Amino acid sequence: MGSGANDSVIRKKVYESAINNTLKNNFSIMVKEVEKLVEKWKSFPDAQHTPLCAHLLGLAMKTVTQLALGEHFREDAAVISFRKNHDTIWSEIGKGYLDGTLEKSSSRKVHYERALSEMESVLLSVVKERKIQKKQTVFVDTLLQSSLTEQQIVEDCMVFTLAGCVITTNLCAFALHFLSTSPEVQDKLYRELQDVLGSDPVSFDKIPQLKYCQQVLNETVRTAKLTPVAARLQELDGKVDQHIIPKETLVIYALGVVLQDSDTWSTPCRFDPDRFEEEFARKSFSLLGFSGSQTCPDLRFAYTVATVLLSTLLRQLKLHKLEGQVMDIRSELVSTPKDESWITVSKRS
């Protein structure tokens, strides 16, 4: 974003703090949106096919926009309008920039730039409105308390809403898909939820106690290669073998390769949350930036939404796979199912 390494570190800390405050202050909003979705699924006949990606994108969009930008996005019309531009921008970021085709298509570029301009206008309007109201509850409010410029706040709101929606949608979709194909994992997670939560709703302070749920989400990220690439600005001069990495070089990490490396993970294509009972697996995952202080803030947000979803959904419904369905994965900036993924659900007795 045009700043040096020190400025980037400071800005990253503000961004992380904003997400942490948002999760604590607005946890009840997540629970409410998840409960709406679960009630909808409970009304379905047992044999009805449920489209994971479509429903979970709706959940992610409603959750992220409210927690990032405030109560204006409680209204479906505001979310639908925002989603139109979001989808256009992300599709080009995820593909058009990577393969160079955006620059070769004037019509696509015009469409993309129009969507970008409209989203920036909406975000700027929200920033100005929240600044006047001086509220301190959602993501943008924390940014407004910092020394960031108005333009930087708009940029960070755009990053959160774009990446947050996509990562949350696909983490939840892959998790439910894998659970539908693994009844034994689903049952083990259900038992943990009953032991820790009983009949009470999930709460923010109970999430750290859901150890197996964390293992399920870790294994979802690993198996699906949810974030196949990562980038980090080199803060100091570095060296790999004989290669010098100068300070402020952007370093790309091929996470998708490492997450499927058979030297690190036994039977890497198998969905097996139990592997994260081993210290070696947890440490390997942590070193890749998926836990501890290095965790991507947007992924941490997605983990929280996914935990609320699993803890609410699985205590009321069972997930079932569709026979013959194979999920192929498309890897871009965030891995997604190539096609819609379908499951069926049935009520727990």
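The structure we're discussing is the one just above.
Keep in mind that this is a model prediction, so the values were computed, not measured.

## Remarks on helix H12 (residues 279–287)
Working step 1: Where H12 is concerned, the buried positions are Ala-281, Ser-284 and Phe-285. On an axial view of H12, the arc spanned by its buried residues comes to 100°, and they lie on one face. Summarising the geometry of H12, the exposed residues directed more than 90 degrees from the buried face are Glu-279, Lys-283 and Leu-287.
Working step 2: Close packing links the buried residues of H12 with helix H10 (211–224) and helix H13 (297–313).
Working step 3: Just past H12, the residue Gly-289 takes up positive phi, approximately 95°.

## Regarding the packing of helix H8 (residues 150–180) against H10
Working step 1: Contact geometry of H8 with H10 gives a least axis separation of 9 Å together with a crossing angle of 100°. In terms of axis orientation, H8 runs roughly perpendicular to H10. For the pair H8 and H10, the contacting residues are Leu-171, Phe-174, Ala-175, Phe-178 and Leu-179 in the first and Val-216, Leu-217, Thr-220, Val-221, Thr-223 and Ala-224 in the second.
Working step 2: Here the residues of the contact of H8 with H10 sort into 9 nonpolar, 2 polar and no charged.

## Some remarks on the sheet that holds strand E1 (residues 50–51)
Working step 1: A sheet is described by the order of its strands in space; here 3 strands give the open sequence E1-E9-E6, paired in antiparallel fashion. One side of each edge strand has no neighbouring strand; the edge strands of this open sheet are E1 and strand E6 (317–321).
Working step 2: The sheet contact formed by E1 and strand E9 (residues 342–347) spans 2 bridges and is antiparallel. Of the residues in E9, the one forming a bridge with Pro-51 is Trp-342.

## What about the pattern of salt bridges?
Working step 1: According to the stated counting rule, one finds 19 salt bridges in the structure shown.
Working step 2: Across the salt bridge formed by Arg-11 and Glu-155, the nearest N and O atoms sit 2.8 Å from each other. You can see Arg-11 sitting in helix H1 (residues 5–25) and its partner Glu-155 sitting in helix H8, a full 144 residues away along the chain.
Working step 3: Among the residues examined, Arg-11 registers a relative accessible area of 8% and is labelled buried.
Working step 4: Accessibility expressed as a relative area gives 25% for Glu-155, which makes it partly exposed.
Working step 5: Where Glu-33 meets Lys-36, a salt bridge forms, and the shortest distance between an N and an O atom there is 3.5 Å. Residue Glu-33 and its partner Lys-36 are located together in helix H2 (residues 27–42), separated by 3 residues, close to a single helical turn.
Working step 6: Looking at Glu-33, the relative accessible area reads 8%, which means it is buried.
Working step 7: Its relative accessible area of 44% is what places Lys-36 among the partly exposed residues.

## A short note on the state of the cysteines
By definition, a disulfide links the sulfur atoms of two cysteine residues through a covalent bond.
Working step 1: Here the structure, examined in full by the defined rule, presents 0 disulfides.
Working step 2: Of all cysteine sulfurs, the one in Cys-213 lies closest to Cys-172, which takes part in no disulfide; the gap is 10 Å.
Working step 3: Given the relative accessible area of 3%, Cys-172 is considered buried.
Working step 4: Note on Cys-296: no disulfide assigned, nearest cysteine sulfur contributed by Cys-165 at a separation of 13 Å.

Parameters and conventions
Residues numbered from 1 in each chain as written. Predicted model: local features only at pLDDT ≥ 70, side-chain atom pairs only at ≥ 80, totals over all residues. Heavy atoms only, no water. Buried < 20%, exposed > 50% of the residue type's maximum accessible area, 1.4 Å probe, protein only. Helix = DSSP H or I, 4+ residues; strand = E, 2+ residues; numbered from the N terminus. Arc of directions from axis to C-beta. Contact = heavy atoms within 4.5 Å. Axes fitted to C-alpha atoms, helices over the stretch in contact; angles between N-to-C directions. Parallel < 35°, antiparallel > 145°, perpendicular 65-115°, else oblique. Nonpolar A, V, L, I, M, F, W, Y, C, P; charged D, E, K, R; others polar. Pairing = 2+ DSSP bridges. Salt bridge = Lys/Arg side-chain N within 4 Å of Asp/Glu carboxyl O. Disulfide = S-S within 2.5 Å.

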